[in-house]
Every structure is written in structure tokens, then in C-alpha cells.
Amino acid sequence: MIRVSIENLDKHIGEEVKISGWLYNKRSSGKIRFLVVRDGSGLLQSVIVKGNVTDSVFDLFDTITQESSLSVFGKIKKEERAPGGFEMEVTNVEIIHLAKEYPITPKEHGVEFLMDHRHLWLRSSRQHAVLRVRHQIIKAIREFFDNRGFVLMDAPIFTPAACEGTSTLFETDYFDLGKAYLTQSGQLYGEAGAMAHGKVYVFGPTFRAEKSKTRRHLTEFWMVEPEVAFNDLNDNMELAEEFLEHIVLSVLKHRQPELKILERNTKFLETVKKPLPKITYDEAIEILKKKGIAFEWGNDLGGTDETVISEQFDRPVIVHRYPAQVKAFYMKRDPQNPKLALAMDVLAPEGYGEIIGGSQREDDYDTLINRLDEHKLPHAPFEWYLDLRRYGSVPHAGFGLGIERTVGWICGLDHVRETIPFPRMIYRLNP
Ligand code: 4AD
Ligand code: MG
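Residues numbered from 1 in each chain as written. Chains lettered and ligands numbered in written order. Predicted model: local features only at pLDDT ≥ 70, side-chain atom pairs only at ≥ 80, totals over all residues. Heavy atoms only, no water.

So, the pattern of salt bridges
Here's step 1: What the rule picks out here adds up to 29 salt bridges.
Here's step 2: Among the ionic pairs, Lys 179 bridges to Asp 173, the shortest N-O distance being 2.8 Å.
Here's step 3: Since its relative accessible area comes to 59%, Asp 173 is described here as exposed. (Salt bridge = Lys/Arg side-chain N within 4 Å of Asp/Glu carboxyl O. Buried < 20%, exposed > 50% of the residue type's maximum accessible area, 1.4 Å probe, protein only.)

Written out as C-alpha cells, the structure reads:
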């Protein structure tokens, strides 16, 4: 008998098949017993009727525990009322492993308990749905860039210097070479790639020694960073809005069942279409002032500020031209007002905050040297980066999208800890 996946059952109606998986739950009514089996691809209700199986198989029902692994054999028929829409008339059951008492039960558990059991929690339907949406988002990201002639460029994780400020660096000993730092962003390497290939994207894990215990911060997160030669800030914003539109459309198209499990109201996703609203930092501050929030020009927008601003829009909003003093050393200044950086952040709606940060890059050698000095950064580890301004420097721009915040927003989750299989936070390193 062939083993098939639950997600492919529509091709096996009327056939005898084997399904291997785990016991999701069981119930009985009179002479009929139901084993709901999950195989990772879906749920199947298997129906055991006394007389259709041997007595010993019929009696297995009494001893089989939640999450025991098993194979069920039988004929598949359509059954609209069953989870997944199919049912199996069981002829045999084989237990592979009888599970010990499973710690996660249908009753409510605290988040810390669930996080301690994250390796098992991943089997639950909500977590299962989140990971599938995450996969779809990553697929859509690759598709977007691959279809537009971008080259994938992997950046190193051990780096010799800070890229996004020295306060969130993870440091480690590196043989005879002194200290190495876990990368905060692959951007600087992406810039080298853009000068070689025109358009590249870096996609990998990044690290920030974030001391903040917020629902938006991880110490290890995934970031995708496109970098494009000859793009300016406007081109960059346009790329970002087309990119977000593509990602959201792809999830809406392919992951409706998962969005349903997550009870996601997709109203705020269906509006994600180019052009997105664009406001300057100064306009953002006006919004805050109108809402009665005291805010001094020159400060960075905090999490609450971002929430208040994004609540004014029914779709992501792009905030551009921030005070240079709160932004990274590599950002180009606005020729119209050198106090401003040609920076852009995309704030997600519904209080999800910044999902994209980016800018046009400083492409002038002397200016960049001054910026390094202003930020008290050493020159030596940036010599290679300065070379990009010595040999055929061109205007260029790029941005970074945080995968976990994007997953959190699209899935409608309260906290980024559920957006990655094994989250790393200031107070969590296990499992
Ligand atoms: O705004 P950030 O710091 O930008 C950069 O690192 C640039 N070098 C990107 C570039 O221009 N190539 O980070 C970019 C995004 C944020 O908008 C956010 O989505 C995510 O990365 N991010 C975090 N996500 C989870 N936990 C954290 N601690 C994060 N820090 C940033
Ligand atoms: Mg940022």
C-alpha cells in the first residue's frame, strides 16, 4: 500500500492508502472510534468501526496517547465535516512509538512554559501555520529579487567592525586576530556586491545585543537586504513598496488556510499596494504633536511614536529624511538640508512598527571619512569599504527588511518570539 501525504489526499479518493504521522486527538462514540492524525501536511480523521478491524486494533484506541507516532491504513473518502475535508475508513493501525504523557494539552499554558517546550510547541496548529507563512514570505522575497535580476550574495557573519552602532555588538575572540563581532547587517558587503553586479540581495541571520525586552526585539534575527547601484532614495522607496506588495500578495494567494487558523483579519493586508503613503520625519512629528505627544526634533522615533504614526494609515507608511544624528554613519545627507539623512523607514500598520530601514549611501570618499570620525569608528577595518569610494564610486541605495517583524505583522502576532522556530532573546537561549 502506498504512503501518501494528507495534503495530497484529493488525488486518492476511493483508494486504499497508508498515512504515517502522529496522533492529534481521539474520541469515540459507541462502536465508532476516531483517531485524528496529523502528518505535518494536514489533519486526517480516521474512523475505526468495530468489525472492520481486528479486536486488538480496535482496542489500541484505549492505550494510544496524544502524539504517539503511527500509521493508519484504509480507504479515503470525501467528508466535508471532517478537518481537511477527507476521512479514512480504517482497516489497520500500526503504532510506531507510544508517546509518554505529552506536556502540551488542549488546556491553556503560560507563554514561558510553551517557550520552554518550543521544540514540541512547533507541532501545534497555530505555530504550524506561522512557520508556513514565514516560509511563504521567504519564498516570495527570493522570487521577487530573482525575477528582477538581483544576484544573491551571502555576507560573512564574523565581521571586524560595527555597522549599525557599537552599542549592540556581540563580541567574540578570534584566534590571533583579536576580536570578531557577529554581523549586525550584511549591508556593507552588499555594497561591494552592488559595485560588482549592479543589483544584489544579502539574506541571512543578523545579531544585535539588544538589551530591550520588547515584543519587537530579538538578539538573532533574519534580514534581507537589497542593494542597488545608481539608485537614489526615491528609487529605494519605490523598490520597497513593490517588494512589500509582492510579499503580501503572495501570502494572501497561497496561505489562506493558515491565515484562517491564525484568525488574521486580512483587511489590513489587502490594502498593501503601490504607492504607499510617504511622509517626512518632520510630518511624522506633526502627527505626534497633534496627538498631544511631546517630541523634540532630532530624537529618533520610539516604539510608541511609531505606533501612533502608523495608526493614522490603513497600510504601511514610509517615513523619510530623518535627522542624520540618529542614523548610521553610511547614510548620505540630504543636499537640500545637511541636517537630514536620505533615510527611510517603513512602519507597518496596526502598531507593528518599523519593518524596513534603509537609505541612500554616502558615496563621497572625504565625506565618508568625516562620518567615520564623527561616529568615533576606526578607519582600519573600513579600508576595504572606503575602496568602494576610491574606485568608481556611484550613487547607490538599499534597505533591510526584518523577517520576524514582517511575519509578526502579516500573521497578526503579539510578539516576535512566535515568528521564528527557536527565538533568541536577552533572557532566552533554550531550547
Ligand atoms: O534599521 P536597521 O538597523 O537597518 C540596517 O541594519 C541596515 N543596514 C539595513 C540596510 O539598509 N541594508 O534594521 C533593518 C530591519 C528593521 O527595520 C527591523 O525590521 C529589523 O531589521 N530589526 C530587528 N528585528 C528583530 N529584532 C531586532 N533586534 C531588530 N533590529 C532590526
Ligand atoms: Mg532601523
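So, the domain arrangement of the protein chain
Here's step 1: In terms of domains, the protein chain is made up of domain 1 (6-97) and domain 2 (118-150 + 239-418).
Here's step 2: Of note, the centres of domain 1 and domain 2, computed from C-alpha atoms alone, are 46 Å apart.
Here's step 3: Between domain 1 and domain 2, the contact holds 7 residues from the first and 4 residues from the second.
Here's step 4: Together, the buried faces of domain 1 and domain 2 total about 380 Å²; carbon and sulfur atoms form 32% of this surface.
Here's step 5: When the buried surface of domain 1 facing domain 2 is broken down by residue, Tyr 24, Arg 38 and Gly 40 rank first, second and third, together holding 65% of it.
Here's step 6: Taken together, the links from domain 1 to domain 2 amount to 1 salt bridge.
Here's step 7: For Arg 123, the salt bridge goes to Glu 67, with nearest N and O atoms at 2.8 Å.
Here's step 8: For the pair domain 1 and domain 2, the interface holds 3 residue pairs in polar contact (both at pLDDT 80 or more).
Here's step 9: Broken down by class, the residue content of the side of domain 1 that touches domain 2 amounts to 2 nonpolar, 2 polar and 3 charged. (Domains from an automatic or database assignment. Contact = heavy atoms within 4.5 Å. Buried area = accessible area lost by both parts, 1.4 Å probe. Polar contact = N/O pair within 3.5 Å; in protein donor to acceptor, adjacent residues only side chain to side chain. Nonpolar A, V, L, I, M, F, W, Y, C, P; charged D, E, K, R; others polar.)

Some points on the packing of helix 9 (residues 281-290) against helix 10 (residues 303-310)
Here's step 1: The geometry of helix 9 relative to helix 10 is characterised by a closest axis approach of 10 Å and an angle of 90° between their N-to-C directions. Taken together, the axis directions place helix 9 and helix 10 in an arrangement best described as roughly perpendicular. On helix 10, the residues that touch Ala 284, Ile 287 and Leu 288 of helix 9 are Asp 305, Val 308 and Ile 309.
Here's step 2: When the residues that make up the contact of helix 9 with helix 10 are grouped by side-chain class, the tally is 5 nonpolar, no polar and 1 charged. (Axes fitted to C-alpha atoms, helices over the stretch in contact; angles between N-to-C directions. Helix = DSSP H or I, 4+ residues; strand = E, 2+ residues; numbered from the N terminus. Parallel < 35°, antiparallel > 145°, perpendicular 65-115°, else oblique.)

Looking at the sheet that holds strand 5 (residues 86-97)
Here's step 1: With mixed pairing, 5 strands are arranged side by side around a closed barrel as 1-2-3-5-4. Strand after strand, the sheet turns through a mean of 55° between neighbouring axes, direction not considered.
Here's step 2: The pairing of strand 1 (residues 16-29) with strand 2 (residues 32-38) spans 7 bridges and is classified as antiparallel. Residue pairing across strands places Trp 22 opposite Arg 38, the latter belonging to strand 2.
Here's step 3: Packing against the sheet, helix 1 (residues 55-63) makes contact with strand 1, strand 2, strand 3 (43-49) and strand 5, and its axis sits at approximately 65° to strand 2. (Pairing = 2+ DSSP bridges.)

Regarding the environment of Lys 78
Here's step 1: Mapped onto the fold, Lys 78 is located in strand 4 (residues 69-78).
Here's step 2: Between the alpha carbons of Lys 78 and Gly 21 there is a distance of 20 Å; along the sequence they are 57 residues apart.
Here's step 3: With residues up to four places along the chain from it excluded, the contact list for Lys 78 reads Ile 13, Gly 85 and Phe 86.

A word on helix 12 (residues 383-390)
Here's step 1: For helix 12, every residue scored as buried is listed here: Tyr 385, Leu 386, Leu 388 and Arg 389. One face of helix 12 carries all of its buried residues, which in axial projection span an arc of 140°.
Here's step 2: Close packing links the buried residues of helix 12 with helix 5 (187-197), helix 11 (365-374) and strand 17 (396-402).
Here's step 3: One or two positions beyond helix 12, positive phi appears at Gly 392, with a value near 75°. (Arc of directions from axis to C-beta.)

Some words on the sheet that holds strand 7 (residues 158-159)
In any sheet, the strands associate via hydrogen bonds between backbone groups, in a parallel or an antiparallel arrangement.
Here's step 1: A sheet is described by the order of its strands in space; here 3 strands give the open sequence 7-9-8, paired in antiparallel fashion. Looking at which strands have only one partner, the edges of the open sheet turn out to be strand 7 and strand 8 (171-173).
Here's step 2: As defined by bridge partners, strand 8 adjoins strand 9 (residues 179-182) across 3 bridges and the pair is classed as antiparallel. Paired with Asp 173 across the strands is Lys 179, a residue of strand 9.

Thoughts on the side chain of Gln 184
Here's step 1: Along the polypeptide, Gln 184 turns up in the loop between strand 9 and helix 5.
Here's step 2: Polar contacts involving the side chain of Gln 184 include one to the main-chain amide nitrogen of Cys 163, which spans 2.9 Å.
Here's step 3: A distance of 2.8 Å separates a polar atom in the side chain of Gln 184 from the backbone nitrogen of Glu 164.
Here's step 4: Excluding its chain neighbours within four sequence positions, the residues that come into contact with Gln 184 are Ala 162, Cys 163, Glu 164, Gly 165, Thr 168, Leu 169, Thr 206, Phe 207, Arg 208 and Met 223.

Considerations on the site of ligand 1
Here's step 1: In the vicinity of ligand 1, 23 residues are found, and the nearest of them are Glu 164, Gln 187, Arg 208, Glu 225 and Glu 354.
Here's step 2: At 2.6 Å from an oxygen atom of ligand 1 is found a side-chain nitrogen or oxygen belonging to Glu 354.
Here's step 3: Relative to its free-state accessible area of 620 Å², ligand 1 is covered by the protein chains to the extent of 94%.
Here's step 4: Of all the secondary-structure elements, those providing two or more residues to the shell around ligand 1 are strand 11 (220-229), strand 16 (353-360) and strand 17.
Here's step 5: In terms of residue class, the shell around ligand 1 is built from 7 nonpolar, 8 polar and 8 charged. (Near = heavy atom within 4 Å. Areas by Shrake-Rupley, 256 points an atom, 1.4 Å probe, with all protein chains shown as cover.)

Concerning the side chain of Arg 118
Here's step 1: Its location among the elements puts Arg 118 in helix 3 (residues 118-121).
Here's step 2: Here Arg 118 sits buried without a salt bridge, and the closest side chain of opposite charge, Glu 418, lies 5.6 Å off (N-O distance).
Here's step 3: Within the structure, Arg 118 has its side chain in polar contact with the backbone oxygen of Pro 421 (distance 2.6 Å). (Lys, Arg positive; Asp, Glu negative; His and termini not counted.)

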